[in-house]
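# Architecture at a glance
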Amino acid sequence: MAEELTPEASDSAADAAGPEESEEPIKQRKNGLYPGVSDELAENMKSGWADTELRDLQPIPQAAETAARRATLSARFPGERLVIPAGNLKTRSNDTEYPFRASVEYAYLTGNQTEDGVLVLEPRDEGHEATIYLLPRSDRENGEFWLDGQGELWVGRRHSLTEAEQLYGIPASDVRELADALRQATGPVRVVRGYDAGIEAALTDKVTAERDEELRVFLSEARLVKDAFEIGELQKAVDSTVRGFEDVVKVLDKAQATSERYIEGTFFLRARVEGNDVGYGTIAAAGPHACTLHWVRNDGPVRSGDLLLLDAGVETHTYYTADVTRTLPVNGRFSEIQKKIYDAVYEAQEAGIAAVQPGAKYRDFHDAAQRVLAERLVEWGLVEGPVERVLELGLQRRWTLHGTGHMLGMDVHDCAAARTETYVDGVLEPGMCLTVEPGLYFQADDLTVPEEYRGIGVRIEDDILVTEDGNRNLSAALPRRSDEVEAWMASVRG
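Criteria and thresholds
Residues numbered from 1 in each chain as written. Predicted model: local features only at pLDDT ≥ 70, side-chain atom pairs only at ≥ 80, totals over all residues. Heavy atoms only, no water. UniProt positions renumbered as here; feature names shortened; annotations may be inferred. Salt bridge = Lys/Arg side-chain N within 4 Å of Asp/Glu carboxyl O. Helix = DSSP H or I, 4+ residues; strand = E, 2+ residues; numbered from the N terminus. Buried < 20%, exposed > 50% of the residue type's maximum accessible area, 1.4 Å probe, protein only. Core = buried A, V, L, I, M, F, W, Y, C linked by side-chain atoms within 4.5 Å. Pairing = 2+ DSSP bridges. Axes fitted to C-alpha atoms, helices over the stretch in contact; angles between N-to-C directions. Contact = heavy atoms within 4.5 Å. Expected span 1.5 Å × (residues − 1). Polar contact = N/O pair within 3.5 Å; in protein donor to acceptor, adjacent residues only side chain to side chain. Phe/Tyr/Trp six-rings, centres within 6.5 Å; stacked < 30°, edge-to-face > 60°. Lys NZ or Arg CZ within 6 Å of the ring centre and 35° of its normal. Left-handed = near helix turned anticlockwise from the far one by under 90°. Nonpolar A, V, L, I, M, F, W, Y, C, P; charged D, E, K, R; others polar.

An unreviewed UniProt entry lists the chain under the name Xaa-Pro aminopeptidase, with Streptomyces lomondensis as the source organism. Recorded under Cofactor (unreviewed entry), the UniProt text for the chain is reproduced unchanged: "Mn(2+)". On record in UniProt, under Catalytic activity (unreviewed entry), the comment for the chain is "Release of any N-terminal amino acid, including proline, that is linked to proline, even from a dipeptide or tripeptide."

Next up on the list: the pattern of salt bridges. The tally for this structure, following the rule as stated, stands at 41 salt bridges. The residue arginine 243 makes a salt bridge to glutamate 274 at a minimum N-O spacing of 3.0 Å. With arginine 243 in helix α12 (residues 228–250) and glutamate 274 in helix α14 (residues 260–274), this pair connects stretches of sequence that are 31 residues apart. Residues glutamate 274 and arginine 270 are paired through a salt bridge, measuring 2.5 Å at the closest nitrogen-oxygen approach. Of this pair, glutamate 274 and arginine 270 both sit in helix α14, 4 residues apart, which is roughly one turn of that helix. Glutamate 274 sits in the partly exposed class, given a relative accessible area of 27%. A network of salt bridges, in which partner residues are shared, links Glu80, Arg190, Arg211 and Glu214.

Bringing the UniProt feature "domain: Aminopeptidase P N-terminal" (unreviewed entry) in the chain into the picture now. Within this structure's numbering, the places UniProt gives as "domain: Aminopeptidase P N-terminal" (unreviewed entry) are residues 61–200. Between the C-alpha atoms that bound residues 61–200 the distance is 31 Å, and the span itself is 34% helix and 21% strand.

This part covers the nonpolar core. Counting 95 residues, the largest nonpolar core has Leu73, Ile84, Ile263, Ile341, Trp380, Leu440 and Phe442 as the members making the most contacts within it. Ranked by residues supplied to this core, first place goes to α12 with 9 residues. Grouped together as the second largest cluster of nonpolar side chains are 16 residues, Leu224, Phe365, Ile464 and Val466 included.

This part is about the sheet that holds strand β13 (residues 433–436). What holds strands together in a sheet is hydrogen bonding between their backbones, with the strands either parallel or antiparallel. Spatially, β13-β16-β17 is the arrangement adopted by the 3 strands of the open sheet, whose pairing is antiparallel. Edge positions in the sheet fall to β13 and β17 (470–473), since each has one partner strand and no second. Taken over all neighbouring pairs, the strand axes of this sheet differ in orientation by 40 degrees on average, direction set aside. In the sheet, β13 pairs with strand β16 (residues 462–467) via 4 bridges, with the strands oriented antiparallel. Paired with threonine 435 across the bridge in β16 is aspartate 463. Most of the contacts of helix α15 (residues 336–354) go to β13, to which it runs at about 160 degrees, and overall it touches β13, β16 and β17.

Glancing now at α12. When the terminal C-alpha atoms of α12 are compared, their 34 Å separation across 23 residues agrees well with the 33 Å that a helix rising 1.5 Å per residue should span. A distance of 3.1 Å separates the backbone nitrogen of phenylalanine 229 from a side-chain oxygen at the start of α12, and that oxygen is part of aspartate 227.

A few words now on the packing of aromatic side chains. The relation between two aromatic rings is expressed through the spacing of the ring centres and the mutual angle of the planes. If you walk through the whole model with that rule in mind, you get 8 aromatic pairs. Between tryptophan 49 and phenylalanine 145 the ring centres are 5.5 Å apart and the planes differ by 80 degrees, which places this aromatic pair in the edge-to-face class. With tryptophan 49 in the loop between α3 (39–44) and α4 (63–76) and phenylalanine 145 in helix α6 (residues 144–147), the pair connects residues that are 96 residues apart, well separated along the chain. Taking relative accessible area as the criterion, phenylalanine 145 reaches 0% and is therefore assigned buried. Geometrically, the ring pair formed by tryptophan 380 and tyrosine 453 is tilted, given 5.9 Å between the ring centres and 50 degrees between the ring planes. Within this pair, whereas tryptophan 380 is found in the loop between α16 (364–379) and α17 (387–393), its partner tyrosine 453 is found in the loop between β14 (439–442) and β15 (456–459), the two being separated by 73 residues in sequence. The same class applies to tryptophan 380 as to tyrosine 453, namely buried. An aromatic cluster of three or more residues is present, and its members are Tyr362, Phe365 and Tyr423. It is arginine 101 that lies over the ring of tyrosine 319; its NZ or CZ is 4.2 Å from the centre. The side chain of arginine 140 reaches across the aromatic face of tryptophan 49, ending 4.9 Å from its centre.

Turning to the packing of α12 against α14, a few remarks are in order. Close contact between α12 and α14 brings their axes to 9 Å; oriented N to C, the two are set at 145 degrees. Helix-helix and strand crossings are classified by hand; for α12 and α14 the assignment is right-handed. Across the interface between the two elements, Ser240, Thr241, Arg243, Gly244, Phe245, Asp247 and Val248 of α12 pack against Ile263, Thr266, Phe267, Arg270 and Glu274 of α14. Among the residues forming the contact of α12 with α14, the class breakdown is 4 nonpolar, 4 polar and 4 charged.

Given below as structure tokens:
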């Protein structure tokens, strides 16, 4: 990683730009090798650069959808100024940052993904006027483009404000002027909190936590029903995820020679080649690690005869993520006890998926899957029946542990801020997308079950779209039934 220049390096360039810019010198790394920048070099770097403005840009594919979303938001909060920040870079260590991911609320309403961006909806007599506030291109007069750690020659070119207007269909302005403008603003204001401390500080005497929470909740609930663009992106994410699972099956021999990390890395390659990233930390849990619901250390051994629980999803370039789980026999064949437990989970998932229907209660798919699991646990003698008693007391949860699914979208656990009455206690509608993911987990130290059960964890998870006449399994290309899983693994391995 290249070294940046020293703090003194900015002095000459800032002086050359005039007193206004020199009041805020460009921040540089402390222990650089260059003691400074000569006036001659500073002047030289200002000129001799070609015009790289991009012209005749086409709007992003979802521009019509983001405009419709902003219109819905405007109608909900007439007469109020609405401020939705993208967020800022976060330090990973010293002077390196985490890869930036814009806030879901901001990306949902704009399609833009750059740090420091802010969407502002200014109230007008009719509706709102939207402006997207962004950092303009790096300044070549004050040397920012080559002296600053976030300058163009260090991290890459930003779009100009004119380019941004063409791409996103929203008037664009310099975000560096926004905080002062917000401090002087009058009238009711709401802001999405938690992403940009500077913007929040500028509004500190104009907003209330209750009103801001109403804005956050509304934007969360707005994503419950996906539009056509979103459904297409979710299918893209799932299709890439299917290919990622195939990649993993092909290299299980290499994972056995190394660790779960080989599985994680293999899937990550697919996610980065075909998408933006993984949608969440990949769970590559082999053997008893499958009983740890969010096992993301992925540093354990992969052994023939064990099961691999792989819970992973590709995130598209537009931030929509898949969330799929398969539990696979590392050697390609389920043992008798593994198949017994797997088939029970499969049966529970089948019941859960069948319960996903428009007009059904959201809880129905969870209840259907849990009933099947409770029945099997009673049948196996692991818990005393009757089944109604087990369900009423939640006794099956010792081995089922988690809920049977969640909404899916731009967050893997999408719409999490929605009101309980519209989410968990709500009714399914066409366009909603959710996971159905029952599981059974028998901990390695669970003395209440026979020894042969211990250390076996099974989860099967698919991404289900509610349709007008039922549902569609977006991840149906990955086999689920135990015999089909074995045949698929043999075919993929060649």
